[in-house]
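Structural description and commentary
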Amino acid sequence: SASASQNFVAFLKQSSKEQDPEKKRNSNRLLRNVICKQWHVIALAIPLSFLGTIQDLATSHFIGKTIDAMETSAWSEFDELVLQWVVIIVVGSLFTGIRDYLYGVSSEKIGEDIRSRFFSAVIRKDTGFFDDRKVGDIRKYRLETHIMYN
């Protein structure tokens, strides 16, 4: 509805106003640094995403062709079309599986890098930092980085 979309736009505007520009800049810099380390995995996974969609694009074509072959009783053509369709589905599934594996590995490495950077930053803090904070607060941030990638 119109009111729901207006509420959503208002929420986005309000949240962008509340966001500290320094924190946003630091977050963007961290994300760029971490993703730059995984660019080769991501660059390989993106073409696999497109190759994995071949089966989706080909399905409507093969459904139409197999129905036409069944209507004309061209059973040898029907058998050939089904075989081609199965090959395309298997190849597309293989590409999709490899893509998902690469994205998973990349995501885990990015999460690990963010957690290690956080741990290193906490370790380097002076003792006054720990006087002002509870152990649970620091642990909460660690859990949030873990949830972010699960």
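Anyway, here's the lowdown on the structure attached to this text. Counting starts from 1 at the beginning of each chain's written sequence and moves along it residue by residue. Residue-level local features of this predicted model are given only where pLDDT is at least 70; pairs of side-chain atoms are given and counted only at 80 or more, and the full residue set underlies all totals for whole chains, interfaces and linings. Side-chain measures were taken over the full set of non-hydrogen atoms in the model, leaving aside hydrogen atoms and water.

**Some words on the overall build of the protein**
Short version of the rule: Secondary structure is summarised from DSSP: a helix means a run of H or I of at least four residues, a strand means a run of E of at least two, and numbering begins at the N terminus for each. Each residue's exposure class comes from its accessible area (1.4 Å probe, protein chains only) as a fraction of the maximum for that residue type: buried when under 20%, exposed when over 50%, partly exposed otherwise. Each accessible area is a Shrake-Rupley estimate made with a 1.4 Å probe; only the visible protein chains count as cover when residues are assessed.
Within the protein one finds seven helices and zero strands. When the elements of the protein are put in sequence order from the N terminus, they spell out α-α-α-α-α-α-α. Out of the 150 residues in the protein, the part that is buried amounts to 19%. Per element, the accessible surface of the protein, about 11,300 Å² overall, is 63% carbon and sulfur.

**Observations regarding a nonpolar patch on the surface**
Note the cut-off: What makes a patch is a set of residues exposed beyond 30% relative accessible area and free of salt bridges, joined within 9 Å when like-charged and within 5 Å when nonpolar (Val, Leu, Ile, Met, Phe, Trp, Tyr). Take a side-chain nitrogen of Lys or Arg and a carboxyl oxygen of Asp or Glu: if they are within 4 Å of each other, that pair is a salt bridge.
A surface patch of nonpolar side chains, about 310 Å² in accessible area, is lined by Ile46, Phe50 and Tyr103. Looking at the secondary structure, you find Ile46 in helix H3 (residues 39-52).

**Description of the packing of helix H4 (residues 54-71) against helix H5 (residues 75-123)**
Under the convention used in this document: Only the contacting stretch of a helix is used when fitting its axis, a line to C-alpha atoms as for every element, and angles between N-to-C directions run 0 to 180 degrees. Note that the term roughly parallel is reserved for angles under 35 degrees, roughly antiparallel for angles over 145, roughly perpendicular for angles of 65 to 115, and oblique for everything else. Throughout, a contact is declared for two residues whenever any of their heavy atoms are within 4.5 Å. Three classes are used, and their members are as follows: Ala, Val, Leu, Ile, Met, Phe, Trp, Tyr, Cys and Pro are nonpolar, Asp, Glu, Lys and Arg are charged, and the others, Gly among them, are polar.
In the contact formed by H4 and H5, the axes pass within 10 Å of each other and the chain directions differ by 170°. Overall, the two elements H4 and H5 adopt an arrangement that is roughly antiparallel. Here Ile54, Gln55, Ala58, Thr59, Phe62, Ile63, Lys65, Thr66, Ala69 and Met70 of H4 come into contact with H5, specifically with Trp75, Glu77, Phe78, Leu81, Val82, Gln84, Trp85, Ile88, Ile89, Gly92, Ser93 and Thr96. Of the residues belonging to the contact of H4 with H5, the class tally is 13 nonpolar, seven polar and two charged.

**Points about H3**
Under the convention used in this document: Here the expected span of a helix is defined as 1.5 Å times the quantity of residues minus one. Taken from the helix axis, the directions to the C-beta atoms give the arc we talk about.
Look at H3: 20 Å from first C-alpha to last across 14 residues, which is about the 20 Å you get at 1.5 Å a residue. Restricting attention to buried positions, one finds in H3 the residues Val41, Ala45, Leu48, Ser49 and Gly52. Looking straight down H3, one finds that the buried residues subtend no more than 115° of arc, so they occupy a single side. Set apart from the buried face of H3 by more than 90 degrees, the exposed residues are Trp39 and Phe50. Check the buried side of H3 and you find it contacts H4 and H5.

**Some thoughts on the packing of H3 against H5**
Inclusion rule: A clockwise turn of the near helix away from the far one marks a right-handed crossing, whereas an anticlockwise turn of less than a right angle marks a left-handed crossing.
Where H3 meets H5, the axes come as close as 8 Å, and the angle between the chain directions of the two elements is 150°. As summarised for this structure, H3 and H5 are arranged roughly antiparallel, according to the angle between their axes. You can see that H3 and H5 cross each other, and the crossing is left-handed. Across the interface between the two elements, Val41, Ile42, Leu44, Ala45, Ile46, Leu48, Ser49, Leu51 and Gly52 of H3 pack against Gly92, Phe95, Thr96, Ile98, Arg99, Leu102, Tyr103 and Ser106 of H5. Split by residue class, the contact of H3 with H5 holds eleven nonpolar, five polar and one charged.

**A word on unusual backbone geometry**
Its identity is not glycine, yet Ser73 carries a phi of approximately 55°, on the positive side. Relative to the helices and strands, Ser73 is located in the loop between H4 and H5.

**Topic: the pattern of salt bridges**
Two side chains that carry opposite charge are able to pair once their charged atoms sit near each other. Tallied over the entire structure, the rule returns one salt bridge. Asp100 serves as the salt-bridge partner of Arg99, at 2.7 Å between the closest nitrogen and oxygen. Among the residues examined, Arg99 registers a relative accessible area of 19% and is labelled buried. Given the relative accessible area of 42%, Asp100 is considered partly exposed.

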